[in-house]
Amino acid sequence: MKDISIWMEELKEKLLAHFGGRLRYLGLQGSFGRGEATPKSDIDVMTAVENLSIADLDAYRDIVATMEESGRACGFICGLEELQNWPRYELFQVMADTRDVYGELKAILPAFSDEDVRDFVRINAANLYHELTHRYLYEDRERNIKALPFCYKGSFYILMNLHYLRTGEVLSTKKALLGQLSGDDQVVLETAMGGTPVTEENFDEKFALLLRWCRRLLREMREEG
């Protein structure tokens with residue numbers, strides 16, 4: 001496909017032509033935003049439109065359909081008011097994982113605190129813990145082996161938030177974050193990045209590691225809170 005910056009500029013012009021001043025923000029998220037995209041990566045777009053309606057959603061879908069590689073487009077769209085009332089625990093993640101294309105995201109997001117970021121770690125670690133135990137109990141081993149890498153994938157965002165809590169530093173790429181980690185945190189992210197693939201031989205070890213890691217985070221967030 002064409003350069004992602006050109007792709008996003010074309011999308012911006014089409015959205016401005018339709019929404020005009022109601023288009024308040026356009027950003028790029030995910031692997032393309034981090035400069036880590038592969039030929040199979042989705043194009044994660046974040047859009048904020050003032051007074052978003054169902055008719056606007058229909059129009060947005062039709063506009064995206066005119067774009068090259070439209071089948072790879074996904075992402076998040078919402079009204080401006082809804083964004084300003086969004087749960088605080090997700091706001092750091094939204095800010096850290098989004099590259100501005102039109103407008104400034106920081107200017108339209110409400111303020112958030114360290115406790116909100118701590119909630120992100122706690123909630124996502126709990127959700128991951130639940131998914132791990134549920135799959136382990138109710139799916140066969142072969143399906144668990146295939147699913148575990150996807151469970152690991154979510155650790156990146158948890159670790160990004162955790163690193164920010166520890167240091168105040170925003171590291172939005174996996175490579176940069178990996179270089180600042182140690183112990184289980186480092187091994188978990190290495191696995192998420194595919195450095196040590198999950199196999200029949202190491203499944204038990206990798207499963208136990210991720211479950212132990214979630215348990216540790218839940219304990220640490222409770223103690224710090």
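Computed from a predicted model, the values in this text were never measured in an experiment. (Residues numbered from 1 in each chain as written. Predicted model: local features only at pLDDT ≥ 70, side-chain atom pairs only at ≥ 80, totals over all residues. Heavy atoms only, no water.)

The next point concerns the sheet that holds strand β2 (residues 43–49). Read from one edge of the open sheet, four strands run β3-β2-β1-β4, paired in mixed fashion. A strand with exactly one partner marks an edge of an open sheet, and here the two such strands are β3 (73–79) and β4 (98–102). In this sheet, adjacent strand axes meet at a mean angle of 25° when their direction is disregarded. Relative to β3, β2 is paired through seven bridges, and the arrangement is parallel. What sits directly across from V49, in β3, is G79. Lying on the sheet, helix α1 (residues 4–19) is in contact with β1 (23–29), β2, β3 and β4; it crosses β1 at an angle near 160°. (Pairing = 2+ DSSP bridges. Helix = DSSP H or I, 4+ residues; strand = E, 2+ residues; numbered from the N terminus. Axes fitted to C-alpha atoms, helices over the stretch in contact; angles between N-to-C directions. Contact = heavy atoms within 4.5 Å.)

Moving on, we get to the pattern of salt bridges. Scanning all chains against the criterion turns up 22 salt bridges. Where E36 meets R34, a salt bridge forms, and the shortest distance between an N and an O atom there is 2.8 Å. A relative accessible area of 12% places R34 in the buried class. Here E131 ties to R135 by a salt bridge, and the two come within 3.1 Å at their closest N and O atoms. (Salt bridge = Lys/Arg side-chain N within 4 Å of Asp/Glu carboxyl O. Buried < 20%, exposed > 50% of the residue type's maximum accessible area, 1.4 Å probe, protein only.)

Moving on, we come to helix α3 (residues 54–65). For α3, spanning twelve residues, the distance from its first C-alpha to its last is 17 Å, which sits close to the expected 16 Å at 1.5 Å a residue. Turning to α3, its buried residues are D56, A59, Y60, I63 and V64. When α3 is viewed along its axis, its buried side chains cluster within an angular range of 135° and face the same direction. Relative to its buried face, α3 has exposed residues pointing more than 90 degrees away, namely I54, A55, R61 and A65. Where α3 is buried, its residues contact α1, β2 and β3. (Expected span 1.5 Å × (residues − 1). Arc of directions from axis to C-beta.)

As a further point, take the environment of L217. Tracing the backbone through its elements, the reader meets L217 in helix α12 (residues 203–224). When the C-alpha atoms of L217 and I43 are compared, they prove to be 31 Å apart, with 174 residues separating the residues in sequence. In this structure L217 touches V121, A125, I158 and L162, once residues within four positions along its chain are discounted.

Here the focus is the packing of α1 against α3. Following both chains from N to C, one finds α1 and α3 inclined at 145°, their axes separated by 10 Å at the closest point. In the packing of α1 onto α3, the handedness of the crossing is right-handed. Of the residues in α3, those in contact with L11, K14, L15, H18 and F19 of α1 are D56, A59, Y60, I63 and V64. Partitioned by chemical class, the residues of the contact of α1 with α3 number seven nonpolar, one polar and two charged. (Left-handed = near helix turned anticlockwise from the far one by under 90°. Nonpolar A, V, L, I, M, F, W, Y, C, P; charged D, E, K, R; others polar.)

Right, let's talk about the UniProt feature "domain: Polymerase nucleotidyl transferase" (unreviewed entry) in the protein for a bit. Mapped onto this numbering, the UniProt entry gives "domain: Polymerase nucleotidyl transferase" (unreviewed entry) at residues 11–52. Across residues 11–52 one finds 33% helix and 33% strand; the C-alpha atoms that close the span lie 18 Å apart. (UniProt positions renumbered as here; feature names shortened; annotations may be inferred.)

Further remarks concern the packing of aromatic side chains. The full count for this structure, using the stated rule, is six aromatic pairs. Between F76 and W86 the ring centres are 5.1 Å apart and the planes differ by 70°, which places this aromatic pair in the edge-to-face class. Here F76, found in strand β3, pairs with W86, found in the loop between α4 (80–84) and α5 (91–96); they are ten residues apart in sequence, far enough to count as distant. For the ring pair F203 and F207, a centre distance of 5.8 Å and an interplane angle of 35° mean the geometry is tilted. Here F207 and F203 lie together in helix α12, a separation of four residues that amounts to about one turn. When sorted by exposure, F203 lands in the same class as F207, which is buried. One aromatic cluster is present, formed by F92, F112 and Y164 through successive ring pairs. Its end group placed over the ring of F156, K174 keeps NZ or CZ at 5.7 Å from the ring centre. (Phe/Tyr/Trp six-rings, centres within 6.5 Å; stacked < 30°, edge-to-face > 60°. Lys NZ or Arg CZ within 6 Å of the ring centre and 35° of its normal.)

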